[in-house]
Amino acid sequence: MESILDFASKTWDFFVSLVSSAGIFDLLDIAMVAVLLYFIYVFIRDRRAGKLAAGVVILILLQLLAELLELNAMRFIMQNVFQVGLLALVVVFQPELRSALEKVGSEPLRGLKSIGEIRDASKSAAWIKPLCDAVTDMAAERTGAIIVIELTTPLGDIAAGGIIVNADMSSYLLKNIFFNKAPLHDGAVIIRGGRIWAASCFLPISTNKEIAESLGTRHRAAIGMSENSDAYVIVVSEETGTVSVAHDGELHRGYDYNRLKSELEGLKYKHIYGG
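Residues numbered from 1 in each chain as written. Predicted model: local features only at pLDDT ≥ 70, side-chain atom pairs only at ≥ 80, totals over all residues. Heavy atoms only, no water.

1. Things to note about the overall build of the chain
Secondary structure summary: the chain contains 11 helices and seven strands in total. Across the 275 residues of the chain, 33% fall into the buried class. (Helix = DSSP H or I, 4+ residues; strand = E, 2+ residues; numbered from the N terminus. Buried < 20%, exposed > 50% of the residue type's maximum accessible area, 1.4 Å probe, protein only.)

Have a look at this one:
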C-alpha cells in the first residue's frame, strides 16, 4: 500500500512540475498529441481494429499493474510479450494500417485543394445526370453493376488491372459495359474527372466479418474498395435491383435517382468535375 501511495505522490508531483514549467511549445505539443489520439480513436471506433485495440490496452494496464505492485512473474511475462508486440501489431493491424496511411495521405490535401475552388455546376451536371440515368435504368432492369468514383486517393493500380476506356460519360456506354453478355461487364467501372476511365476492374474484397451474409461479392468488393480508399462506390444489385453506396467502409442502401444525384452533386472535389 505504501508503494502505491508513493507512486501516486510522485506522479502528482511530476504533473504539477510539468504544468508549472510548460511553455507555449509544450502546450502545442500536448494539443497535437491530443488531436492525434482523437483521430486514432475515431479511426478504430467502428472497425475490427477497435476490439483488438481494447485487448492491447488491457495488456498495457496489466503491465502497469505488475510494475506498480511488483508482481515479478507477471512483469516478466508482460515484458516478453511486449518485446514482440510491435511486430505482432503490424501483422494483426495490417489492413487497418494500410487504410489509415492511404487516408492520411489524402485527408490533408483534401482541405488544401478546396481553397479557392470554384465549381461549375453545369459542368458537374454534364456527367452526374447520365450516370444517375444509367444507374436508375440498370436498377429497373436488374442489371448488376459496380461503379467507383475516384476522389483524392489515386486508383491507378486498380485501373491498370482492367481495360482503359477514357471516354466521355454516357448513360448508353455505361449500360452497354454492364450488359450481361458484354465482354467488359465482369468487374467495376472507374470514374475519374467525370469520365469513364477504366472498365472490367477487380476490386479488393472486404474481410470484415460483420458484413451481412446476404450481401454478395459486388457489395463486399464495394465495401473493400471504400475501406482502402476514399472512393465513392455505387452498386446495383442483380438480384433485387437495389442501388447501394459504399463510402468510408460503410454501405448505405435504397437509393433512388434524386438521392443519388444529390449526393454526387455534394462531392466537393474539383478533379471529379473535370476541373
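Right, picking up where we left off after that structure.
2. Observations regarding the nonpolar core
Grouped together as the largest cluster of nonpolar side chains are 29 residues, with contacts concentrated most on Leu 131 and Ile 234. If you list the elements that add at least two residues to this core, you get helix H7 (121-141), strand S1 (145-149), helix H9 (171-177), strand S3 (188-192), strand S4 (195-201), strand S5 (232-236), strand S6 (243-247) and helix H11 (257-265). Sort the elements by how many residues they give to this core and H7 lands first, with eight residues. Setting aside chain neighbours within four positions, we find Ile 234 in contact with Leu 131, Val 135, Ala 145, Ile 146, Ile 147, Ile 149, Val 243, Ser 244, Val 245 and Leu 260. Ranked by size, the runner-up nonpolar core spans 21 residues in total, among them Val 148, Ile 190, Ala 222 and Ala 246. (Core = buried A, V, L, I, M, F, W, Y, C linked by side-chain atoms within 4.5 Å. Contact = heavy atoms within 4.5 Å.)

3. Considerations on the sheet that holds S5
Across the sheet, seven strands lie side by side as S2-S4-S3-S1-S5-S6-S7; this open sheet has mixed pairing. At either margin of the open sheet sits one strand with a lone partner, and together these are strand S2 (163-168) and strand S7 (250-253). When strand polarity is set aside, the average angle formed by the axes of neighbouring strands in this sheet is 20 degrees. In the sheet, S1 pairs with S5 via five bridges, with the strands oriented antiparallel. Paired with Val 148 across the bridge in S5 is Val 233. Across the sheet, helix H10 (residues 217-227) lies against S1, S5, S6 and S7, angled at about 175 degrees from S5, the strand it touches most. (Pairing = 2+ DSSP bridges. Axes fitted to C-alpha atoms, helices over the stretch in contact; angles between N-to-C directions.)

Nothing here speaks to function; it is all geometry.
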